[in-house]
Amino acid sequence: MMTEPMADTIISLKDVRRDFGPVAAVDGVSFDIARGEFFSMLGPSGCGKTTLLRMLAGLDQPTAGSILLDGQPMAGVPANLRPTNMVFQSYAIFPHLNVVENVSYGLKRLKLARAEEKARVDQALALVKLEGYEQRGAHQLSGGQRQRVALARALVCRPKVLLLDEPLGALDKKLREEMQVELRSLQRSVGITFVFVTHDQEEALTLSDRIAVMARGKVLQIDTATGLYERPYCREVAEFIGTMNLFAGRVTKIGHEISVDAGSIGTLRAPASEARISVGDAVHVAVRPEKLSVLTGKARTGTNVVTGKLVASTYLGDRSRYLVQVPGVPAPVSVSLQHDGQHAAGVALPGSKINLAWPASAGIVLTA
Ligand SMILES: Nc1ncnc2c1ncn2[C@@H]1O[C@H](COP(=O)(O)OP(=O)(O)O)[C@@H](O)[C@H]1O
Ligand SMILES: [Mg+2]
């Protein structure tokens, strides 16, 4: 995948690869990260996220390709001489040291004057909101507090780049959400580039300026949260980010719109695509659940309509979710209807026939 050159690049990966025997853990990735960016790598377990992060940190070496950090080639540069620090998923803090000792640990090799060291530790503890906990032992801290200590220990060294490998993965949901907010505002206030690894799409979407979606050692797409949601390049990204309805078919006409013969559900129309598509190609027309509406009267021209049977409806307070079985479509079609004052009453009883409609402009053509 080509990426545009960036104004102020701090990390540049070129054809980076890491083989473990026959396994390509990272299979040729190239991209740049801008200074000050909150950049996430998102993908299922085993897709190569940790391996990539470890190579940035200097804890592992690429089999091929190059890594530049702040303009410097990193081949042969050991971890302790890189402008990076890493925070791990497990609370990697020393159990026998108290908070201050844990945080100042990384500073010892800098041999700072005592007052300077103290000032730095105090500042790092303030950043993670742990003032007053200086003398606490590691065993007297909650999971969230221990992870804050790990963060402070990484921040106290003032790295140019902070590498975070699923740092919130071990926390329960509520604490994780609180820490997400804090992490984001912390990143803004210190201005350090964050490279954040997660398998949780919501977390990536909430936190990041840009997200690299990964699978099988490759980067599928790099984009903002909106870009990934509204303009996925491929089916895998479309299904990984949120819910996506897919209608399989074959392209019959390409003009200002694309016509797709979707078999028993008829011809679907979608906007022209940036992807290279030719007449005869097997494609999916992809539509998000909230772009669908339940059609009561006659369809407007320029609208796609499919008919199916309601199989489930769920009331979710601000909206309802319906699953509709459409003959010829393998998975039930998911519909999300926002409740305005008049709506809210269920559209229909399960088992009844309903027509679903969406404007041609709401579809995305994805090559199969
Ligand atoms: N030291 C290693 N030796 C052999 N295989 C490894 C090693 N580290 C990672 N792998 C393999 O590389 C792939 C990517 O692993 P990893 O980077 O840990 O994925 P993720 O962090 O996305 O879950 C997996 O198939 C994993 O089994
Ligand atoms: Mg991992």
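One can find the structure itself at the top, above this paragraph.
1. Some details on the site of ligand 1
Here is step 1 of the chain: Taken together, Phe 20, Val 23, Ala 25, Pro 44, Ser 45, Gly 46, Cys 47, Gly 48, Lys 49, Thr 50 and Thr 51 form the complete shell of residues around ligand 1.
Here is step 2 of the chain: At 2.6 Å, a backbone N or O of Gly 46 approaches an oxygen atom of ligand 1.
Here is step 3 of the chain: Between ligand 1 and Lys 49 there is a distance of 2.8 Å, counted from an oxygen atom to a side-chain nitrogen or oxygen.
Here is step 4 of the chain: Taking 570 Å² as the accessible area of ligand 1 by itself, protein coverage stands at 56%.
Here is step 5 of the chain: Of all the elements, helix 1 (residues 49-57) adds the most residues to the shell around ligand 1, at 3 residues.
Here is step 6 of the chain: Here the shell around ligand 1 is built from residues that sort into 5 nonpolar, 5 polar and 1 charged.

2. Let's talk about the pattern of salt bridges
Here is step 1 of the chain: In this structure the tally under the stated criterion is 22 salt bridges.
Here is step 2 of the chain: Note that Arg 17 and Asp 19 form a salt bridge whose closest N and O atoms lie 3.0 Å from each other.
Here is step 3 of the chain: On the basis of relative accessible area, Arg 17 is assigned to the partly exposed category, the value being 27%.
Here is step 4 of the chain: Note on Asp 19: relative accessible area 23%, which makes it partly exposed.
Here is step 5 of the chain: Residues Glu 239 and Arg 235 are paired through a salt bridge, measuring 3.2 Å at the closest nitrogen-oxygen approach. Residue Glu 239 and its partner Arg 235 are located together in helix 8 (residues 235-240), separated by 4 residues, close to a single helical turn.

3. Let's talk about the packing of aromatic side chains
Here is step 1 of the chain: Tallied over the entire structure, the rule returns 5 aromatic pairs.
Here is step 2 of the chain: Seen from their ring centres, Phe 38 and Phe 194 are 5.4 Å apart, and the 45° between their planes marks the pair as tilted. One end of the pair, Phe 38, is in strand 3 (residues 38-42); the other, Phe 194, is in strand 8 (residues 193-198), with 156 residues separating them in the sequence. Note on accessibility: Phe 38 and Phe 194 belong to one class, buried.
Here is step 3 of the chain: Aromatic pair Phe 247 and Trp 358: ring centres 5.1 Å apart, planes at 15°, arrangement stacked. Placement of Phe 247 in strand 11 (residues 245-254) and of Trp 358 in strand 19 (residues 353-359) is noted, with a sequence separation of 111 residues between them.

4. Looking at the pairing of strand 11
Here is step 1 of the chain: In this structure, strand 11 lies alongside strand 14 (residues 282-287), joined through 6 bridges in antiparallel fashion. Opposite Phe 247, over in strand 14, you have Val 285 as the bridge partner.
Here is step 2 of the chain: Relative to strand 12 (residues 257-261), strand 11 is paired through 4 bridges, and the arrangement is antiparallel. Counterpart to Arg 250 in the pairing with strand 12 is Asp 261.
Here is step 3 of the chain: In textbook terms, the turn of a hairpin is the stretch between consecutive antiparallel strands, and for strand 11 and strand 12 this stretch comprises 2 residues.

5. Quick look at the sheet that holds strand 5 (residues 72-73)
Here is step 1 of the chain: Judged by pairing direction, the sheet is antiparallel, and its 4 strands sit side by side in the order 2-1-4-5 without closing on themselves. Two strands bound the open sheet, and with one partner strand each, they are strand 2 (23-34) and strand 5.
Here is step 2 of the chain: As defined by bridge partners, strand 1 (residues 9-20) adjoins strand 4 (residues 64-69) across 5 bridges and the pair is classed as antiparallel. Across the sheet, Arg 17 pairs through a bridge with Ala 64, a residue of strand 4.
Here is step 3 of the chain: Across the sheet, helix 1 is in contact with strand 1, strand 2 and strand 4; its angle to strand 1 comes to roughly 120°.

6. Let's talk about helix 3 (residues 114-127)
Here is step 1 of the chain: Taking 1.5 Å of rise per residue, 14 residues should cover 20 Å, and helix 3 covers 20 Å from first to last C-alpha, within 8% of that figure.
Here is step 2 of the chain: Regarding helix 3, the residues found buried are Glu 117, Arg 120, Val 121, Ala 124 and Leu 125. Seen from one end, helix 3 has its buried residues packed into an arc of 130°, which puts them on one side. Exposed and facing more than 90 degrees away from the buried side of helix 3 are Ala 115 and Lys 118.
Here is step 3 of the chain: Where helix 3 is buried, its residues meet helix 2 (99-104) and helix 4 (143-155).
Here is step 4 of the chain: One or two residues past the end of helix 3 sits Lys 129, with phi positive at roughly 60°.

Calculation notes
- Residues numbered from 1 in each chain as written.
- Chains lettered and ligands numbered in written order.
- Predicted model: local features only at pLDDT ≥ 70, side-chain atom pairs only at ≥ 80, totals over all residues.
- Heavy atoms only, no water.
- Near = heavy atom within 4 Å.
- Polar contact = N/O pair within 3.5 Å; in protein donor to acceptor, adjacent residues only side chain to side chain.
- Areas by Shrake-Rupley, 256 points an atom, 1.4 Å probe, with all protein chains shown as cover.
- Helix = DSSP H or I, 4+ residues; strand = E, 2+ residues; numbered from the N terminus.
- Nonpolar A, V, L, I, M, F, W, Y, C, P; charged D, E, K, R; others polar.
- Salt bridge = Lys/Arg side-chain N within 4 Å of Asp/Glu carboxyl O.
- Buried < 20%, exposed > 50% of the residue type's maximum accessible area, 1.4 Å probe, protein only.
- Phe/Tyr/Trp six-rings, centres within 6.5 Å; stacked < 30°, edge-to-face > 60°.
- Pairing = 2+ DSSP bridges.
- Contact = heavy atoms within 4.5 Å.
- Axes fitted to C-alpha atoms, helices over the stretch in contact; angles between N-to-C directions.
- Expected span 1.5 Å × (residues − 1).
- Arc of directions from axis to C-beta.

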